[in-house]
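# Observations on the model geometry
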Amino acid sequence: FSSARVSLSTQMDASFTAQTKSKQAEIKVTSCILQIKTGSVWADSMTLTAPSKVATNANRYTASKNYSSSCSSGNTYRIKAVFDADGHTKTTYSNSISY
């Protein structure tokens, strides 16, 4: 991976983007976890459904998904996502948002 990113909006719209240095047979998100902040500590809250999109024979991946139904107001969240490109993985964390 040359880059991998998850961007989270205040409406819990998550945008997933990744770039690889060369074309890959498949690029996808294999794991997506919602984390909640309590004090200064981040903890896993639940496993989310990852975007179903798979980029084939490509060096770029983009997908989006809304996770507002998994959240309750008054909390601070972020998403931990794992990207996979032909068996090579990259773990990344989104920005945090107060929902």
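In this report, the structure presented in the accompanying data block is examined. (Residues numbered from 1 in each chain as written. Predicted model: local features only at pLDDT ≥ 70, side-chain atom pairs only at ≥ 80, totals over all residues. Heavy atoms only, no water.)

## Focus: the overall build of the chain
The secondary structure content of the chain amounts to zero helices and seven strands. For the chain, the succession of helices and strands along the chain, N to C, is β-β-β-β-β-β-β. For the chain, whose C-alpha radius of gyration is 14 Å, the value lies close to the compact-globule estimate of 13 Å for 99 residues. For the chain, the C-alpha atoms occupy an extent of roughly 40 × 20 × 20 Å along the three principal directions. Out of the 99 residues in the chain, the part that is buried amounts to 36%. Within the chain, residue pairs in contact and separated by at least 24 positions form 61% of the contacts whose partners lie at least 6 positions apart. When the accessible surface of the chain is split by element, carbon and sulfur atoms take 42% of a total near 5,400 Å². Averaged over its 11 positive side-chain charges, the chain has a centre that lies 7 Å from the centre of its 5 negative ones. (Helix = DSSP H or I, 4+ residues; strand = E, 2+ residues; numbered from the N terminus. Rg over C-alpha atoms; globule rule 2.2 N^0.38 Å. Buried < 20%, exposed > 50% of the residue type's maximum accessible area, 1.4 Å probe, protein only. Contact = heavy atoms within 4.5 Å. Areas by Shrake-Rupley, 256 points an atom, 1.4 Å probe, with all protein chains shown as cover. Lys, Arg positive; Asp, Glu negative; His and termini not counted. Charge placed at Lys NZ, Arg CZ, Asp CG, Glu CD.)

## Side note on unusual backbone geometry
The backbone of asparagine 57 shows a phi angle near 50°, a positive value even though the residue is not glycine. If you trace the backbone, asparagine 57 turns up in strand E4 (residues 55-66). Here asparagine 57 falls in the exposed class, since its relative accessible area comes to 58%. Positive phi, normally seen in glycine, also occurs at aspartate 86, with a value near 50°. Structurally, aspartate 86 can be placed in the loop between strand E5 (76-85) and strand E6 (88-93).

## Structural notes on the pairing of strand E1 (residues 3-8)
Burial of E1 is one-sided: the residues Ala4, Val6 and Leu8 facing one way are buried, the residues Ser3, Arg5 and Ser7 facing the other way are not. Between E1 and strand E2 (residues 13-38), which pair antiparallel one after the other, the connecting turn spans four residues, and methionine 12 there sits at a positive phi close to 65°. (Pairing = 2+ DSSP bridges.)

## Section: the environment of leucine 48
In this structure, leucine 48 sits in the loop between strand E3 (41-47) and E4. Accessibility expressed as a relative area gives 6% for leucine 48, which makes it buried. Each C-alpha atom of the pair leucine 48 and isoleucine 79 lies 9.0 Å from the other, and the pair is 31 residues apart in sequence. Apart from the residues lying within four places of it in its own chain, the contact partners of leucine 48 are Cys32, Ile33, Leu34, Tyr67, Ser70 and Ile79.

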